[in-house]
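Residue-level structure breakdown
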Amino acid sequence: MIASPDRTPLPREFFDRPVLEVAPDLLGRILVRTTPEGLIAVRLTEVEAYDGPNDPGSHAYRGRTARNEVMFGRPGHVYVYFTYGMWHCMNLVCGPEGRASAVLLRAGEVIEGADLARKRRLSARNDKELAKGPARLATALGIDRALNGTDACAPGETPLRMLTGTAIPAHQVRNGPRTGVSGEGGDGDVHPWRYWVADDPTVSPYRAHAPKRRPS
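Residues numbered from 1 in each chain as written. Predicted model: local features only at pLDDT ≥ 70, side-chain atom pairs only at ≥ 80, totals over all residues. Heavy atoms only, no water.

Here we come to the side chain of N68. As for its placement among the helices and strands, N68 is situated in the loop between β2 (38-50) and β3 (78-83). Within the structure, N68 has its side chain in polar contact with the backbone oxygen of G63 (distance 2.9 Å). Within the local environment of N68, its side chain forms a polar contact with the backbone nitrogen of T65, the two atoms lying 2.7 Å apart. Beyond its immediate stretch of four places on either side in the chain, N68 contacts H59, A60, G63 and Y79. (Helix = DSSP H or I, 4+ residues; strand = E, 2+ residues; numbered from the N terminus. Polar contact = N/O pair within 3.5 Å; in protein donor to acceptor, adjacent residues only side chain to side chain. Contact = heavy atoms within 4.5 Å.)

So this is what it looks like as structure tokens:
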């Protein structure tokens, strides 16, 4: 079970900061997913920052759409998107309302509810792989678009909640290019905005952006 201090919810003020401050500070925090089938808790070990209008890699770079509407709302809300026609990914909105920045939750360690996570992640070879990658994390937690817009800071029982957990010391935090994101020049992501816990086995492998080849 999660120790008592870890059950303190993160306040909205935690998320109402620049995304590059929030992202590394989310490492070691605990995401709790409550479902009728039971509860799953994940200690975050890898995240990526997306800085809205300043970031060509962000879904909000070109402005507000029906898909990214939640990103322009209050900090602490959940932005869920569907990708490659089969996977969901989960983000937490940061910064002031209208700024449209968010942190993608890339990986974590399942510390509670592993039995339920295993039922959703039958292809995982071991528990370290249950939430190793953004789509795997979302699948393990039963995240889909129905949870888009959920307030992770709302009082009372909510389907998603961020707890204080234990922040990772700065000397144990690593950062580098984001996974699969191209840079402004097309030569790779110029922003080292992926953050992870050093030497943690649940962190997903880095994959550089692979440009689509034109038919010869």
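Let's shift gears to unusual backbone geometry. Positive phi outside glycine occurs at A100, with the angle close to 65°. Mapped onto the secondary structure, A100 falls in the loop between β4 (87-94) and β5 (101-112). One non-glycine residue with positive phi stands out, namely D199, at about 65°. Along the polypeptide, D199 turns up in the segment after β8 (194-197). Judged by its relative accessible area of 79%, D199 falls in the exposed class. (Buried < 20%, exposed > 50% of the residue type's maximum accessible area, 1.4 Å probe, protein only.)

All right, on to the pairing of strand β1 (residues 30-35) then. By the criterion of burial, β1 is predominantly enclosed, with five of the six residues buried. Relative to β2, β1 runs antiparallel, the two sharing six bridges. Among the inter-strand pairings, I30 is bridged to a residue of β2, identified as R43. Joining the antiparallel neighbours β1 and β2 is a turn of two residues. Judged from the four bridges that link them, β1 and strand β6 (residues 160-163) form a sheet pairing that is antiparallel. From the neighbouring strand, L31 faces β6, where its bridge partner is M162. (Pairing = 2+ DSSP bridges.)

Here we take up the packing of aromatic side chains. Taken as a whole and assessed by the stated rule, the structure comprises two aromatic pairs. On the basis of an interplanar angle of 75° and a centroid distance of 5.1 Å, the ring pair of F14 and F15 is categorised as edge-to-face. Each of the two residues, F14 as well as F15, counts as buried. Taking 5.7 Å as the distance between ring centres and 40° as the angle between the ring planes, the aromatic pair formed by Y79 and Y81 counts as tilted. (Phe/Tyr/Trp six-rings, centres within 6.5 Å; stacked < 30°, edge-to-face > 60°.)

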